[in-house]
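Working through the structure, step by step
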Amino acid sequence: MIDLKDIYKIYSDGDSEIRALDGISLNIKEGEFVAIVGQSGSGKSTCMNIIGCLDVPTSGTYHLNGTDVSTMKDDELATIRNQTLGFIFQQYNLIPKLTLLENVELPLVYRGYPPQKRKELAYAALERVGLADRYKKFPSQLSGGQQQRVSIARALAGNPKVILADEPTGALDTKTGRDVLEFLKKLNADGTTVVMITHDNEIAAQAKRIVRISDGKIISDERQAQNL
Amino acid sequence: MNLKQSFILALKSLQTSKMRSFLTMLGIIIGVAAVIILVSVIDGFKSDLVGQFESLGSNLLTVNISPRGGNRTVDVDDMLQITDENPELLAYCSPTVMINQQAKFSTETSSTTSVTGVSEDYNKIQSLEISQGRFLQYMDIHKRSKSCVIGSYIAKEYFDDNAIGKTLKIGGNTFTVVGVLEEKASSQESSDDDKIFIPYTLSRTLNRSAKITSYLYSIVDKQRSEEAKDVISNALYKVFSNSDAYTVIAMTEMIDMIDEMTGKLTLILVGIAAISLLVGGIGIMNIMLVSVTERTREIGIRKSLGAKKFDILSQFVVEAATTSACGGVVGIILGIIVSIFLSGLLGFKAVISVGAVVIAFSVSVGIGIAFGYMPAGKAAKLNPIDALRHD
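Let us look at the structure shown here. Each chain carries its own residue numbering, running from 1 in the direction its sequence is written. Starting at A for chains and at 1 for ligands, labels are handed out in the order in which the entities are written. Reporting in this predicted model follows two pLDDT cut-offs: at least 70 for local features of residues, and 80 or more for side-chain atom pairs to be given and counted; totals over whole chains, interfaces and linings ignore these cut-offs and use all residues. Side-chain descriptors were evaluated using all non-hydrogen atoms of the structure, hydrogens and water having been removed beforehand.

Glancing now at the overall build of chain A. Summing up its helical and strand segments, chain A has 7 helices and 10 strands in all. We take the radius of gyration over the C-alpha atoms and set the globule estimate at 2.2 Å times the residue count to the 0.38 power. Over its C-alpha trace chain A gives a radius of gyration of 17 Å, about what one expects of a compact globule, namely 17 Å for 228 residues. Each principal axis of the C-alpha distribution contributes one length, and for chain A these read about 50 × 40 × 35 Å. When burial is assessed residue by residue, chain A has 53% of its 228 residues classed as buried. Contacts are assigned to residue pairs with any non-hydrogen atoms lying within 4.5 Å of each other. The contacts in chain A between residues at least 6 apart in sequence include a share of 65% that link residues at least 24 apart. A 1.4 Å probe and the Shrake-Rupley method give the accessible areas. Residues count as covered only by the protein chains that appear here. About 10,100 Å² of surface is accessible on chain A, with carbon and sulfur atoms providing 45% of the total. When charges are counted, neither His nor the chain ends are considered; positive counts come from Lys and Arg and negative counts from Asp and Glu. By convention, the point assigned to a charge is CZ for Arg, NZ for Lys, CD for Glu and CG for Asp. Positive and negative side-chain charges in chain A, numbering 28 and 29 respectively, have mean positions lying 6 Å apart. A run of H or I in DSSP becomes a helix once it reaches four residues, and a run of E becomes a strand once it reaches two; helices and strands are each numbered from the N terminus. Each residue gets one of three labels from its accessible area relative to the maximum for its type: buried under 20%, exposed over 50%, partly exposed in between, using a 1.4 Å probe on protein chains only.

With that out of the way, let us pick up the sheet that holds strand β10 (residues 217-223) of chain A. Pairing between sheet strands relies on hydrogen bonds along the backbone, with the strands arranged either parallel or antiparallel. Residues and elements named next belong to chain A. Read across the sheet, 6 strands follow the order β6-β7-β8-β3-β9-β10 without closing on themselves; strand pairing throughout is mixed. The two strands at the open ends of the sheet, each matched to only one other strand, are β6 (85-88) and β10. Averaged over all pairs of adjacent strands, the angle between their axes in this sheet comes to 15°, without regard to strand direction. Note: two strands are recorded as paired if DSSP finds a minimum of 2 bridges between them. Note that β6 and strand β7 (residues 162-166) share 4 bridges and pair parallel. Bridge pairing in β7 places L85 opposite V162. To get an axis, a line is fitted to the C-alpha atoms, and for a helix only the part in contact is used. The angle between two axes follows their N-to-C directions and goes from 0 to 180 degrees.

Residues and elements named next belong to chain A. Where strand β3 (residues 33-37) meets strand β9 (residues 209-214), 4 bridges bridge the pair, whose relative direction is parallel. When the sheet's bridge partners are listed, A35 is paired in β9 with I210. Relative to β10, β9 runs antiparallel, the two being bridged by 6 bridges. Considered in β10, the bridge of I213 is made with I218. Count of turn residues in the β9/β10 antiparallel hairpin: 2 residues, of which D215 carries a positive phi of about 50°.

This paragraph deals with the environment of S314 of chain B. All names here are of chain B. With respect to the secondary-structure elements, S314 resides in helix α11 (residues 309-346). In this structure, the C-alpha to C-alpha distance between S314 and A380, residues 66 residues apart in sequence, is 8.9 Å. Once residues within four sequence positions are removed from consideration, S314 is found in contact with L3 and S6.

All right, on to the nonpolar core then. Across soluble globular proteins, you tend to see nonpolar side chains buried next to one another. Residues I2, L4, I36 and Y62 of chain A are the most contacted members of the largest nonpolar core, which totals 66 residues. Here this core gets 8 residues from one element, more than from any other, and that element is helix α12 (residues 354-381) of chain B. Excluding residues within four positions of it along the chain, I36 of chain A makes contact with L26, K44, C47, I51, V195, M196, I197, T198, V211 and I213 of chain A. In this text, buried Ala, Val, Leu, Ile, Met, Phe, Trp, Tyr and Cys residues form a nonpolar core when linked through side-chain atoms within 4.5 Å. By size, the runner-up hydrophobic cluster in this structure holds 58 residues, among which are V74, Y153, A155 and L236 of chain B.

Bringing the pattern of salt bridges into the picture now. When a carboxyl oxygen of Asp or Glu lies within 4 Å of a side-chain nitrogen of Lys or Arg, that pair is called a salt bridge. A full pass over the atoms with the stated rule returns 28 salt bridges over all chains. Put simply, E102 of chain A and K12 of chain B hold a salt bridge, and the shortest N to O gap is 2.4 Å. You can see E102 of chain A sitting in helix α3 (residues 100-111) and its partner K12 of chain B sitting in helix α1 (residues 3-16), one on each of two chains. Among the residues examined, K12 of chain B registers a relative accessible area of 25% and is labelled partly exposed. Note that K185 of chain A is salt-bridged to E182 of chain A, the shortest N-O span being 3.8 Å.

Attention now moves to unusual backbone geometry. Despite not being glycine, N159 of chain A shows a phi value in the positive range, around 50°. Within the secondary structure, N159 of chain A sits in the loop between α5 (144-157) and β7. The class for N159 of chain A is exposed, based on a relative accessible area of 64%. Even without a glycine there, the phi angle at D160 of chain B is positive, about 55°. Positionally, D160 of chain B belongs in the loop between α6 (152-159) and β9 (167-170).

Our next topic: the sheet that holds strand β5 (residues 67-68) of chain A. Residues and elements named next belong to chain A. Spatial ordering of the open sheet is given by β2-β1-β4-β5, a layout of 4 strands whose pairing is antiparallel. Because the sheet does not close on itself, it has two edges, and the strands there are β2 (16-28) and β5. Alignment of strand β1 (residues 2-13) against strand β4 (residues 59-64), held across 5 bridges, turns out to be antiparallel. Considered in β4, the bridge of L4 is made with Y62. Sitting on the sheet, helix α1 (residues 44-51) is in contact with β1, β2 and β4, with an inclination near 120° to β1.

In this section: the state of the cysteines. A covalent bond between the sulfur atoms of two cysteines is referred to as a disulfide. Throughout, a disulfide means two cysteine sulfur atoms within 2.5 Å of one another. As enumerated under the stated definition, the model contains 0 disulfides over all chains in all. For C47 of chain A, which is in no disulfide, the shortest distance to another cysteine sulfur is to C53 of chain A and amounts to 12 Å.

Bringing α12 of chain B into the picture now. Here the expected span of a helix is defined as 1.5 Å times the quantity of residues minus one. Taking 1.5 Å of rise per residue, 28 residues should cover 40 Å, and α12 of chain B covers 40 Å from first to last C-alpha, within 8% of that figure. A residue's bend is simply the angle between two axes: one fitted to the seven residues ending at it, one to the seven starting at it. Its axis deflected by about 40° at Y373 of chain B, α12 of chain B carries its strongest bend there, up to four residues before the proline P375 of chain B.

All names here are of chain B. Here the aromatic set is Phe, Tyr and Trp, taking the six-membered ring for Trp, and pairing holds for ring centres within 6.5 Å; pairs whose planes are under 30 degrees apart are stacked, those over 60 apart are edge-to-face, and all others are tilted. All chains considered together, the criterion is met by 7 aromatic pairs over all chains. Here F135 and F197 contribute two aromatic rings whose centre-to-centre distance is 6.3 Å and whose plane-to-plane angle is 50°, an arrangement assigned as tilted. In this pair, F135 sits in the loop between β7 (130-133) and α5 (138-142) while F197 sits in strand β11 (residues 195-199), placing the two residues 62 residues apart along the sequence. In this structure, F135 and F197 share a single accessibility class: buried. Judged by centre distance (6.1 Å) and plane angle (35°), the ring pair of F240 and Y246 falls under tilted.

Residue and element names in this part refer to chain A. As defined by bridge partners, β4 adjoins β5 across 2 bridges and the pair is classed as antiparallel. Among the inter-strand pairings, H63 is bridged to a residue of β5, identified as D68. The antiparallel hairpin formed by β4 and β5 contains 2 residues in its connecting segment, where N65 sits at a positive phi of about 55°.

Below, the structure is given as structure tokens:
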């Protein structure tokens, strides 16, 4: 599903260069639940951006779902993000002036679905996270945990192959964080590949596989037997 | 993402910040209103002016023969014959001789009354209606009878509205009133109603000059006034062999001249008003730039969810165009209201030109697109990672 080979991401800043990713190779199969763990500045966010097709590597190849995306143009990457990936961000990243339904609809809008189909799919996604009755509300009217559930619904609406979660519990209290995590596990159990970025080992322990990154390199990659 | 969705989104975004949207639109509102007001007031002024000329008779041709024409001269009969020879172009002809004598009514002398020597066809040329009696007739002209037709002002002022058969004096000659004209200019002094018409054949005696130098023709078809003009010019050229010896002016030319004049005036004033549209456009660009910066995060979110460059570009361009189009609509309404108000104030009817409204609206949409393009392009080029990190 996700196949990274010798990925380098190098930012040159005048004379000095920063190796955000320093030769990473990673293969994630369909149906896995992988946590990428690292301290801030370790390169895990850059790794996430590349996996999420928000950025392209300086060198190396990246095959997503069998397609080489490492040399794609912006608009081609946009299409891949739209059709293959679903994002869950730490800050939820809902658009404040749109209702919950409209927020969840957004990926489908850019996919070019007709309004009726969009609304049905978006409503169904809100039902899955248990917020269908509030579809007319605005994000500011919800609690943080509820907002994160809306952003999960948005990620699910387009029925993506891979869900990318960037510190999904970072802004939530322990209990709601655990709820969100349980939800991700449930999604994974239903067959969706989940890649989660976190700095929190306790959170990472919920995943089936933990990849640790430090200084742009993978320092460990282990499967957790108890979660398989 | 199609344009309809962008449009709905734009309306929503206008709704959420009404005050700012209004201020953004203000430049466009003022510019469009100014264009509408200027065009309609000038159009109103023009049709007022043209109306005044047309009331004189837009189907008229005036011929003036230079008094210094030398030995050669034309007879009245020659001039009348041009009409007879060209019935498809010319309807009637009458000499018009200003009589340099004042009219006396028993005891009073009027210095404002104009006395004109004309033929029996003059009333048809000028569409003069008779309210009492009759107009001058062929026999009056032919026999040089001292008959006259007077305007309604004179009939009211000097004859108590009972003028037929009464007499008045012009240059020592006694004239009998045979007809009174219908009121044309509310019977004011010096107006079209303060006039006396006498047979032109008497003008030689009264003016002590044998030459008749000016003629009035009515043409059959306004569209063919150039042809009619040429026929008369050619006839006169045959006599004088010199085109400076006479002038032939069609009233339609005068109206064309007014058209041209007011057209230029409109262009200049609308040009000035258009500057405020330009300023309005810059205002929109300014606000759109601010809006793009404010909504960087939103742009990032949209891009991460699969929005292409064109999606973002069209969203912001449509938003700018919608803002500006709304301003245009408000400006048009304001412009029409002010025009109607002004027309009451200025005393002539302002003409709301559909063309001006359509152009003003399209220009305001065009300005939105043109000035929204740069900020929208900036938004479309944003890198999704940077945009997402923005707060």
